[in-house]
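Read off the chains here:
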Amino acid sequence: MYDLIIVGAGPAGLTAALYAARFRMKTLVFEKLAVGGQIILSPTIENFPGFPGGITTQELIERMKKQIDDLGVEVSYEEVIKLESEGVLFTVQTEGQSYKARSVIIASGAQSKRLGVPGEDKFIGRGVSYCGTCDGPLFRNKEVVVVGGGDRAIEEAIFLSSYASKVTLVHRRQGFRASKILEEQARSSHKISFLLDSVVLEVFGSNKVEGIKIKNLRDNSLSSLVCQGVFIFVGINPNTGFVKNCLELDELGFIITPRLVDTSRTGVFACGDCCKKSLYQVINACGEGAQAADSAHKYLLNQKG
């Protein structure tokens, strides 16, 4: 029996584990892939307080992991497939085992959305990618396309420009959701060009990506663009399928937290990218993780009282 089970070991889950351990709560963390969550797909974090000039994502996550290791937090590399409540107790089900806990924090994060256009699935691993950091070196001196207009898309375009001979950023609007400083960096690069008010209709090629078909949303004109790589950053889908019968979700599957990190189920808290909110950044994921651990701690104290 655990005081707390945390599902997910990204920045939110790791911070929650750190605070829970300092509260001396018996804590178990589940992570289905690798510690760090989707943030490990970005090479650096430039806006995390205390690191002028930025810090590599790997180093930041390693530091967070060492903190919980030093406090003896247990981490299990299993995928959680179901959450159930039984009175004031909770059962967390993995593929091979069930675990009991008095409280639960969902920090399961999210994964990249797909465009859903012809050719996208066919060419995954053969030119279509959702991670510039992972696959950028494979496109040295080649022409690539980045699809999206948020921070992640701009960051990846800048990163890819250090390998590719040309990076074309395709975005459905004129304006960007990304921070202005990132947009300024991208526009200052002679390798990055912009194709705005446009959407990708198809990814085509024979054995690998050879280009994309594009529609201009202002005049509905169609065109093709030759490229060898397509990197897609058009948002995220929350990893919340395992709680859909237990917690209230919005129409996109994000966990609804009506007050801070509280969910629709007493004793279950949520934080990070799996939650419905307006800002998806490492800094607020960490803050939410700390808040979730504090809320779980106070919840258990009230139960004992």
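What counts and what doesn't
Residues numbered from 1 in each chain as written. Predicted model: local features only at pLDDT ≥ 70, side-chain atom pairs only at ≥ 80, totals over all residues. Heavy atoms only, no water. Helix = DSSP H or I, 4+ residues; strand = E, 2+ residues; numbered from the N terminus. Buried < 20%, exposed > 50% of the residue type's maximum accessible area, 1.4 Å probe, protein only. Disulfide = S-S within 2.5 Å. Pairing = 2+ DSSP bridges. Axes fitted to C-alpha atoms, helices over the stretch in contact; angles between N-to-C directions. Core = buried A, V, L, I, M, F, W, Y, C linked by side-chain atoms within 4.5 Å. Contact = heavy atoms within 4.5 Å. Expected span 1.5 Å × (residues − 1).

1. Quick look at unusual backbone geometry
Now for step 1: Positive phi, normally seen in glycine, also occurs at arginine 24, with a value near 65°.
Now for step 2: Looking at the element boundaries, arginine 24 is found in the loop between α1 (11-22) and β2 (27-30).
Now for step 3: For arginine 24, a relative accessible area of 68% corresponds to the exposed category.
Now for step 4: Despite not being glycine, leucine 260 shows a phi value in the positive range, around 55°.
Now for step 5: Among the secondary structure elements, leucine 260 is positioned in the loop between β19 (236-238) and β20 (268-270).

2. Some details on the state of the cysteines
Now for step 1: Under the counting rule described, the total for this entry stands at one disulfide.
Now for step 2: Disulfide partner of cysteine 131: cysteine 134, at an S-S distance of 2.1 Å. Disulfide cysteine 131-cysteine 134: the torsion about the S-S bond is 75°, which places it as right-handed.
Now for step 3: Between cysteine 246, a free cysteine, and cysteine 274, which holds the nearest cysteine sulfur, the sulfur-to-sulfur gap is 13 Å.
Now for step 4: A relative accessible area of 8% means that cysteine 246 is categorised as buried.
Now for step 5: Residue cysteine 275 stays outside any disulfide, its sulfur separated by 4.1 Å from that of cysteine 274, the closest cysteine.

3. A word on the sheet that holds strand β16 (residues 209-216)
The pairing of strands in a sheet happens through backbone hydrogen bonds and is either parallel or antiparallel.
Now for step 1: Taken in spatial order, the three strands line up as β15-β16-β17 in an open sheet, and their pairing is antiparallel. Across the chains shown, the open sheet's two edge strands, defined by having one partner strand only, are β15 (198-205) and β17 (222-226). When the angles between neighbouring strand axes are averaged without regard to direction, this sheet yields 30°.

4. Topic: the nonpolar core
Now for step 1: Judged by nonpolar contacts, the single largest core of 35 residues is most densely connected at Ile6 and Ile105.
Now for step 2: Listing elements by their share of this core, those giving two or more residues are β1 (4-7), α1, α2 (57-70) and α6 (282-304).
Now for step 3: The element that contributes the greatest number of residues to this core is α6, accounting for eight residues.
Now for step 4: With sequence-adjacent residues up to four places away left out, isoleucine 6 is seen in contact with Gly13, Ala16, Ala17, Thr27, Leu28, Val29, Phe30, Ile105 and Ala107.

5. Regarding the sheet that holds strand β6 (residues 80-86)
Now for step 1: Strand order in the open sheet formed by three strands is β6-β7-β8, with antiparallel pairing between adjacent strands. Each edge of the open sheet carries a strand with a single partner, namely β6 and β8 (98-101). Averaged over all pairs of adjacent strands, the angle between their axes in this sheet comes to 20°, without regard to strand direction.

6. Regarding α2
Now for step 1: Taking 1.5 Å per residue as the helical rise, α2 with its 14 residues ought to reach 20 Å, and the 20 Å between its terminal C-alpha atoms agrees with that figure.
Now for step 2: At the C-terminal side of α2, glycine 72 shows a positive phi close to 80°.

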